[in-house]
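# A look at the structure
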Amino acid sequence: MKTYSKIILSGVVLAAIGATAAVARNHGERGMGGPMGGEKMYARMCSADAPKMDGSKMAEHLTSKLTLTDAQKPALADLQKTMADSRAAAKTALCADPKPDFTNVPARMAFGIKAAEIRLNGMKAVQPKMEAFYTSLTDAQKKTFNEMRHGGAMGGRDGGHHGKGGHGGPMMEDEGK
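Predicted model only: the values in this text are computed from it and were never measured. (Residues numbered from 1 in each chain as written. Predicted model: local features only at pLDDT ≥ 70, side-chain atom pairs only at ≥ 80, totals over all residues. Heavy atoms only, no water.)

### Section: the packing of aromatic side chains
Taken as a whole and judged by the stated rule, the model has five aromatic pairs. Ring geometry for Phe133 against Phe145: centres 5.8 Å apart, planes inclined by 80 degrees, an arrangement best described as edge-to-face. With Phe133 in helix α5 (residues 105-136) and Phe145 in helix α6 (residues 139-151), the pair connects residues that are twelve residues apart, well separated along the chain. Owing to a relative accessible area of 0%, Phe133 belongs among the buried residues under this scheme. Linked through ring pairs, Tyr42, Phe102 and Phe111 together constitute an aromatic cluster. (Phe/Tyr/Trp six-rings, centres within 6.5 Å; stacked < 30°, edge-to-face > 60°. Helix = DSSP H or I, 4+ residues; strand = E, 2+ residues; numbered from the N terminus. Buried < 20%, exposed > 50% of the residue type's maximum accessible area, 1.4 Å probe, protein only.)

### Topic: the packing of helix α3 (residues 56-66) against helix α4 (residues 73-95)
Remark: α3 packs on α4, axes separated minimally by 10 Å, with the N-to-C direction vectors making an angle of 155 degrees. Classified by the angle between their axes, α3 and α4 sit roughly antiparallel to one another. Judged by the sense of rotation from one axis to the other, the crossing of α3 with α4 is right-handed. The residues of α4 that touch α3, namely those facing Ser56, Met58, Ala59, Leu62 and Thr63, are Lys73, Leu76, Gln80 and Met83. For the contact of α3 with α4, the per-class residue count stands at five nonpolar, three polar and one charged. (Axes fitted to C-alpha atoms, helices over the stretch in contact; angles between N-to-C directions. Parallel < 35°, antiparallel > 145°, perpendicular 65-115°, else oblique. Left-handed = near helix turned anticlockwise from the far one by under 90°. Contact = heavy atoms within 4.5 Å. Nonpolar A, V, L, I, M, F, W, Y, C, P; charged D, E, K, R; others polar.)

### Points about the state of the cysteines
Evaluation of the coordinates by the stated rule reveals one disulfide. One disulfide bridge connects Cys46 with Cys95, the sulfur atoms lying 1.8 Å from each other. For the disulfide bridge between Cys46 and Cys95, the dihedral angle about the S-S bond is near -80 degrees, and by the sign convention the bridge is left-handed. Placement of the pair is Cys46 in helix α2 (residues 39-46) and Cys95 in helix α4, with a sequence separation of 49 residues. (Disulfide = S-S within 2.5 Å.)

### What to know about the packing of α2 against α4
The contact between α2 and α4 brings their axes to 10 Å, and the two run at 120 degrees. The interaxial crossing formed by α2 with α4 has left-handed handedness. Each of Met41, Tyr42, Met45 and Cys46 in α2 lies in contact with α4, whose residues at this interface are Arg87, Ala90, Lys91, Leu94 and Cys95.

### So, unusual backbone geometry
The phi angle at Thr67 is positive, at roughly 50 degrees, despite the residue not being glycine. Mapped onto the secondary structure, Thr67 falls in the loop between α3 and α4.

### Details of the pattern of salt bridges
Tallied over the full model, the rule gives six salt bridges. Measuring nitrogen to oxygen at the nearest pair gives 3.1 Å for the salt bridge that ties Lys129 to Asp78. Placement of the pair is Lys129 in helix α5 and Asp78 in helix α4, with a sequence separation of 51 residues. The partner of Lys114 in a salt bridge is Asp97, with the nearest N and O atoms 2.6 Å apart. (Salt bridge = Lys/Arg side-chain N within 4 Å of Asp/Glu carboxyl O.)

### Details of the environment of Ala89
Structurally, Ala89 is set in helix α4. Ala89 gets classed as partly exposed once you look at its relative accessible area, which sits at 47%. Residues Ala89 and Asn121, 32 residues apart in the sequence, show an inter-C-alpha distance of 9.7 Å.

### Quick word on the confidence of the model for the protein
Averaged over every residue, the pLDDT of the protein is 73; the share at 70 or more is 62%. For the protein, per-element mean pLDDT is lowest for helix α1 (residues 3-30), which scores 54, and highest for α5, which scores 92. Low pLDDT, under 50, characterises residues 26-36; the predicted model gives this stretch 29 contacts beyond four residues in sequence or across chains. For residues 151-177, every residue scores under 50 in pLDDT, and the model assigns this stretch 67 contacts once sequence neighbours within four places are set aside. (pLDDT = per-residue confidence, 0-100.)

Take a look at the structure:
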């Protein structure tokens with residue numbers, strides 16, 4: 001390899017390392033569960049005093065906001081149970097191993113991959129129950145439910161991950177309060 005090519009290749013490698021470090025720092029500061037962060041998420045999920053997330057706050061909110069009928073409430077209860085079971089399984093899977101070493105990028109990336117796989121499995125478990133609940137709604141209720149994702153109940157830009165509602169919105173906050 002010619003000297004000029006080696007210099008170019010070295011520059012590209014250094015730029016990639018610098019970008020990775022910047023992303024890692026940014027994700028770590030925000031407590032994201034992405035491939036470069038996760039320590040805050042780990043602490044939140046795996047601490048002995050982590051809040052119990054049984055879905056009761058979500059169920060109360062949806063029942064009120066959507067004015068659910070008695071016929072629709074069992075589908076919501078089934079969704080709530082599945083979400084709580086999924087969260088418990090995620091906590092078990094995420095917290096079973098010793099705490100990852102968040103001081104290095106490869107360990108954070110491995111943790112991020114594990115967390116993403118756990119989240120995906122959880123979504124796959126919840127999706128059929130969410131679809132069953134959604135199918136039980138009237139068109140007006142579906143419209144209200146669809147609009148909730150933008151700023152509140154189901155997370156989203158104003159009330160969820162990117163806003164003051166935390167990583168998952170008000171419904172995902174401490175259910176025990």
